[in-house]
Amino acid sequence: MKKAEIITALIFLALGVYFITTSYTTYQYLLDNKPGPGFLPRYIGWGMVTSAALYLMSTLRQTSFPKNWFPTDRAAHLRILTIISGGLAMTLLLDILGTFLSVALFMGILTWYLGNRSILAIIGVAIGTSLVVQFIFIKWLMIPLPSGILGF
Amino acid sequence: METLQLLLQGLSTALTPINVLMATIGVILGAIIGALPGIGSATGVAVLLPITYGMNPITAVILLAGVYYGAMYGGSISAILINAPGDPAAVMTSLDGHPLAQQGRAGHAFTVASGSSFIGGTFGIIMLTFLAPSLARWALNFGPPEYFALMVMGLTTLTGLAGDSPIKGLISTFFGLMLAMVGLDIVSGVGRYTYGVLELLDGIDFLPVVMGLFGVAEVLAGMESMAYGEMITSKVGLRNMFPKAREFFSLWKAWIRGAIIGFAIGVLPGAGATMASFMAYATEKNFSRTPQRFGKGHLPGVAAPEAANNAASAGAMVPLLALGIPGSATTAVLLGAFMMYGLRPGPLLFAQRPDFAWAAIASMYVGNILLAIMIIVFIPLFVRVLLTPKNILMPLIIVITLVGTFSIRNNLIDVWIALIFGVIGYLFKKLKIPAAPLVLALVLGPLAEKTMRLSLMLSQGSFSIFFTRPIALVLMIAAFAALVIPIIIQLRASRSVKNGS
């Protein structure tokens with residue numbers, strides 16, 4: 001965990017430095033003697049640098065860290081990665097396949113991957129979820145969702 | 001008298017059929033969401049936000065408020081049945097609730113939790129009714145410096161108290177402020193940190209961020225394990241719900257103590273329902289003649305924290321409605337929701353939109369009564385929800401979150417933002433960096449910048465304006481104390497641990 005905390009602190013430190021730099025180089029601090037677009041970002045940048053430095057120092061001084069703070073088993077990693085990539089794929093497919101098919105595919109594949117082996121249950125969950133989504137967003141709230149090349 | 005009149009007007013709005021229906025739906029959905037382990041009220045409100053987008057703002061807020069206090073109760077269902085609190089505020093309920101379930105008295109625990117939630121919630125709402133308008137009236141005298149100081153205080157209190165470490169809270173706050181800087185600068189017309197992406201000129205919308213931080217991130221955390229824990233389902237039916245009347249009403253002292261502690265802590269920004277329930281449980285144990293029975297299935301151990309966490313959720317609405325400063329993650333999400341509907345909580349809300357403010361307060365009375373009834377009637381349904389397999393539930397939450405995010409502006413970039421913040425939120429969770437200060441900073445950032453600029457224009461660029469006006473000075477001192485005191489407490493605690501070891 002120590003390594004992860006150090007990396008996190010360094011990322012935020014870099015972000016803070018970036019904000020300070022842009023407030024000097026890209027955005028004006030004062031505009032007609034009034035606060036300009038770079039005014040608050042400079043203070044926020046300094047605030048972040050200070051906080052990140054404190055975070056880094058406290059992490060370096062800390063001697064004990066919680067064990068198993070991150071899941072260690074491969075199956076958990078795969079499940080997390082699958083749900084993220086599934087979400088990404090569903091989003092990318094919304095415009096191509098339309099909401100109904102994208103949602104059904106996402107639900108069907110994920111439900112199967114996460115352990116459900118009953119084909120009937122998988123189909124039921126996939127189509128049921130798609131129908132509920134269509135009903136709530138398109139019929140009830142009248143929000144147009146992408147219909148894709150198949151037209152639904 | 002005027003307050004009661006306004007409340008009656010609010011009740012006439014809250015009691016229209018559509019609003020009662022929405023309060024009922026909100027309460028039931030909230031209880032279901034709250035019952036699911038790990039999915040708290042902030043996630044519930046965030047995930048359901050897009051569904052309210054096309055609604056009348058009053059109806060939408062009634063629905064979301066119902067979800068909020070429904071979830072506060074729902075957390076106790078999983079705490080009692082599977083010893084896995086659905087919400088951190090229900091942790092203390094599990095200490096005595098689960099042993100009661102093991103003794104075959106789960107129904108009694110539910111009824112006590114429901115009755116205590118009702119009493120705590122009602123006490124909190126009555127206090128809210130009288131306190132919020134007075135506070136709002138006082139705050140009407142605020143100018144830009146006072147508003148800026150108030151926002152700084154809101155940010156520092158949440159920063160100092162949310163999570164385990166105030167330093168991590170600070171990181172979260174500054175990250176939120178950085179995100180709030182993205183977009184068109186209203187004074188100069190310059191696009192800041194947009195990198196040529198046109199969609200970013202409008203700034204980063206709070207909704208996809210919240211959907212990611214609370215919706216997607218919770219699912220990712222839930223994916224670490226596919227098990228919920230062992231559930232006790234025996235004797236959870238209407239027949240076994242009610243303890244003896246004498247035993248039930250003997251809890252009145254626990255209710256009073258819990259409700260007072262809960263409300264007082266709930267009003268403080270950042271403290272929240274979790275701290276309230278911890279303190280109420282500890283106080284009840286201290287006052288008890290039989291402290292040894294706590295933790296082994298003692299009804300006051302359920303009554304006090306449940307009264308406290310529902311009173312705290314009403315208390316957290318006081319700074320939100322009266323000052324526009326949320327006191328918890330859920331109220332931070334609610335603040336964003338209000339702004340999404342074009343409403344700005346704070347002193348002007350009571351002056352400019354009394355219809356909305358009073359309907360929102362009145363709906364809480366209605367929702368609280370509905371909650372007490374629904375919980376008893378639908379308890380078998382809530383128990384069934386806990387049997388929903390994770391392999392269906394988790395993908396379902398992702399679908400609702402992502403499609404809901406897309407539906408707001410029909411914009412895929414929002415979905416990408418939700419996914420990115422889902423991963424960030426998950427990492428925050430793992431590193432114990434609180435997400436609530438980020439949300440609050442993102443929502444308050446643009447307003448803070450505007451009031452700061454106005455103040456500095458008034459003072460011709462001098463920061464002394466924040467320290468020479470009495471109210472602004474008091475608020476700035478409070479803001480400083482709210483940040484520094486938790487840091488000192490943490491340093492002392494770590495020193496005493498070192499000395500002890």
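All figures in this text were calculated on a predicted structure; none of them were measured in a lab.

1. Let's talk about the overall build of chain A
Next, step 1: Check the secondary structure of chain A and you find four helices and two strands.
Next, step 2: Relative to its length of 152 residues, chain A is extended, with a C-alpha radius of gyration of 24 Å against a globular reference of 15 Å.
Next, step 3: Oriented by its inertia axes, the alpha-carbon framework of chain A measures out at about 65 × 50 × 25 Å.
Next, step 4: For chain A, with 152 residues in total, the buried portion stands at 30%.

2. Some details on the nonpolar core
Next, step 1: In this structure, L64 and V439 of chain B are the most contacted members of the largest nonpolar core, which totals 209 residues.
Next, step 2: Take this core: its biggest share by element is 18 residues, from helix α4 (residues 57–82) of chain B.
Next, step 3: Split by domain, this core shows at least three residues from each of two domains, domain 1 (2–61) and domain 2 (74–140) of chain A.
Next, step 4: Ignoring any residue separated from it by four or fewer positions in sequence, one finds L64 of chain B in contact with G26, V45, L48, T52, L334 and A337 of chain B.

3. Some thoughts on the interface of chain B and chain A
Next, step 1: Facing 47 residues of chain B, the contacting portion of chain A comprises 55 residues.
Next, step 2: The set of elements that each furnish at least two residues to the side of chain B that touches chain A consists of α8 (166–180), α9 (206–222), α18 (390–409), α19 (412–430) and α20 (436–458) of chain B.
Next, step 3: Ranked by residues supplied to the side of chain B that touches chain A, first place goes to α18 of chain B with twelve residues.
Next, step 4: Partitioned by chemical class, the residues of the side of chain B that touches chain A number 33 nonpolar, six polar and eight charged.

4. Describing the packing of helix α12 (residues 272–287) of chain B against helix α13 (residues 300–315) of chain B
Residue and element names in this part refer to chain B.
Next, step 1: Contact geometry of α12 with α13 gives a least axis separation of 8 Å together with a crossing angle of 145 degrees. As for how α12 packs across α13, the hand of that crossing is right-handed. Touching G272, A273, A276, S277, A280, Y281 and E284 of α12 are P300, G301, A304, P305, A307, A308, N309, A312 and S313, all from α13.
Next, step 2: In terms of residue class, the contact of α12 with α13 is made up of ten nonpolar, five polar and one charged.

5. Quick notes on the domain arrangement of chain A
Next, step 1: Taken domain by domain, chain A consists of domain 1 (2–61) and domain 2 (74–140).
Next, step 2: Using only C-alpha atoms to locate each centre, domain 1 of chain A and domain 2 of chain A end up separated by 40 Å.

6. Structural notes on the environment of G16 of chain A
Residues and elements named next belong to chain A.
Next, step 1: Along the polypeptide, G16 turns up in helix α1 (residues 2–25).
Next, step 2: For the pair G16 and T129, spaced 113 residues apart in sequence, the C-alpha separation works out to 43 Å.
Next, step 3: Residues within four places of G16 in sequence aside, it is in contact with G45, M48, V49 and A52.

7. Considering the environment of L456 of chain B
Next, step 1: Structurally, L456 of chain B can be placed in helix α20.
Next, step 2: The class for L456 of chain B is buried, based on 21 C-beta atoms found within 10 Å.
Next, step 3: A sequence separation of 311 residues divides L456 of chain B from P145 of chain B, and the C-alpha atoms of the two residues are 8.4 Å apart.
Next, step 4: Excluding residues within four positions of it along the chain, L456 of chain B makes contact with P35 of chain A together with G461 of chain B.

8. Section: helix α4 (residues 119–140) of chain A
Next, step 1: Over its 22 residues, α4 of chain A runs 30 Å from end to end, which matches the ideal 32 Å to within 8%, given 1.5 Å per residue.
Next, step 2: All of the buried residues along α4 of chain A are V125, A126, T129, S130, V133 and F137 of chain A.
Next, step 3: The inward-facing, buried residues of α4 of chain A abut α3 (74–113) of chain A together with α18 of chain B.

9. A closer look at the environment of F206 of chain B
All names here are of chain B.
Next, step 1: Looking at the secondary structure, you find F206 in helix α9.
Next, step 2: Separated by 274 residues in the primary sequence, F206 and F480 have C-alpha atoms spaced 26 Å apart.
Next, step 3: Each residue touching F206, except ones within four places of it in the same chain, is listed here: G336, V439, L442 and V443.

The rules we used
- Residues numbered from 1 in each chain as written.
- Chains lettered and ligands numbered in written order.
- Predicted model: local features only at pLDDT ≥ 70, side-chain atom pairs only at ≥ 80, totals over all residues.
- Helix = DSSP H or I, 4+ residues; strand = E, 2+ residues; numbered from the N terminus.
- Rg over C-alpha atoms; globule rule 2.2 N^0.38 Å.
- Buried ≥ 20, exposed ≤ 12 C-beta atoms within 10 Å, placed from the backbone.
- Core = buried A, V, L, I, M, F, W, Y, C linked by C-beta atoms within 7 Å.
- Domains from an automatic or database assignment.
- Contact = placed C-beta atoms within 7 Å.
- Nonpolar A, V, L, I, M, F, W, Y, C, P; charged D, E, K, R; others polar.
- Axes fitted to C-alpha atoms, helices over the stretch in contact; angles between N-to-C directions.
- Left-handed = near helix turned anticlockwise from the far one by under 90°.
- Expected span 1.5 Å × (residues − 1).

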